[in-house]
Amino acid sequence: MVGVYLSGTGNTKHCVEKLVKILDPSAECFPLEHNDIIQILKKHDTIVLGYPTQFSNAPFMVRELIKNNSSLWSGKKVFCLNTMGLFSGDGTGCTARILKKYGAVILGGLQLKMPDSVCDSKMLKKSIEENKLIVKAADERIEIAAEQIKSGNFPREGLSFIAHMKGLFGQRLWFYNKTTGYTDKLKISDRCIGCGLCSKNCPMENLKIENNKAVAGNKCTMCYRCISLCPKQAVTLLGESIVEQCRFEKYV
Ligand SMILES: Cc1cc2nc3c(=O)[nH]c(=O)nc-3n(C[C@H](O)[C@H](O)[C@H](O)COP(=O)(O)O)c2cc1C
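Everything quoted here is computed from the prediction, not taken from an experiment.

A.B. asks: Any chance you could break down the pattern of salt bridges for me, citing the residues and the numbers?
C.D. replies: Under the definition given, this model contains 15 salt bridges. Residue Arg 141 is joined to Glu 157 by a salt bridge in which the shortest nitrogen-to-oxygen separation is 2.3 Å. Note that Arg 141 is positioned in helix α5 (residues 128-150) and Glu 157 in the loop between α5 and α6 (161-172), a separation of 16 residues in sequence. By relative accessible area, which is 25% here, Glu 157 ends up partly exposed. For Glu 210, the salt bridge identified is with Lys 208, shortest N-O distance 3.5 Å. The partly exposed category is assigned to Glu 210, whose relative accessible area is 38%. On the basis of relative accessible area, Lys 208 is assigned to the partly exposed category, the value being 47%. A single network of salt bridges, built from pairs that share partners, joins Asp 90, Arg 97 and Arg 172.

Here it is as structure tokens:
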């Protein structure tokens, strides 16, 4: 077994690592941007795939990796794990359907409510104490799900037809243009000091430092990692200014 995840602010990393550790203490977990990710995926038959919901869809980076390596999935057993701030509908189903098309066996799905990661919007913002409770509740759900999986009873959250309709009509359709590809809308303000933290951490290598300032390209997968890490709060995407630099570590 292997755990593979895309995680901007740390929520999904935590959830995948926790689930995988309970299921198989000897199994490892890797971020999607790992240089050898394709070899890692090829090597393992059972994969826990985790990612954050974005407008009730999977991040483009995740969908692209699946599609660009379509021959890789035949016969793989995949458990989809999706984290969300509030609602994803069929967050797990978004990748499960593609994976199934390429021959994967979908073992199940788990959709976990976690702290919101959109640092430059007031929507869904909770106090640190409230977020701590959300993380605790997610941890408990992971523990329960792991026990179910161990006894062969895989949760199937987000995989039903009803979940599909909920995700599609609840959100995905209305925000479709936001998730059809990568975005070039990442903004760097004059506060940037060119420290390079964003460029070192971007899973898409979408940022570089030029003349002591960060410059963003057009391949942002909206994970909010750079935005949550910037020491000068100089990076924004959907909003105009930082409300809170959401990071999983703050909530444990
Ligand atoms: C661009 C963007 C869109 C999001 N859309 C949704 C959404 O539609 N529904 C939801 O419940 N959470 C949404 N979220 C919140 C994240 O899915 C959630 O906070 C997730 O746990 C972040 O995981 P990470 O820390 O691994 O990146 C969104 C976050 C981002 C950055």
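A.B. asks: How would you summarise the domain arrangement of the protein if you had to cite specific residues and measurements?
C.D. replies: Looking at the protein, the domain boundaries give domain 1 (2-177) and domain 2 (182-251). Each partner contributes residues to the interface: domain 1 has 29 residues there, and domain 2 has 26 residues. Summed over both partners, the interface of domain 1 with domain 2 buries about 2,300 Å², with 62% contributed by carbon and sulfur atoms. Of all residues in domain 1, Thr 9, Cys 119 and Asp 120 bury the most surface against domain 2, accounting for 28% of the area lost on that side.

Reading the values: the criteria
Residues numbered from 1 in each chain as written. Predicted model: local features only at pLDDT ≥ 70, side-chain atom pairs only at ≥ 80, totals over all residues. Heavy atoms only, no water. Salt bridge = Lys/Arg side-chain N within 4 Å of Asp/Glu carboxyl O. Helix = DSSP H or I, 4+ residues; strand = E, 2+ residues; numbered from the N terminus. Buried < 20%, exposed > 50% of the residue type's maximum accessible area, 1.4 Å probe, protein only. Domains from an automatic or database assignment. Contact = heavy atoms within 4.5 Å. Buried area = accessible area lost by both parts, 1.4 Å probe.

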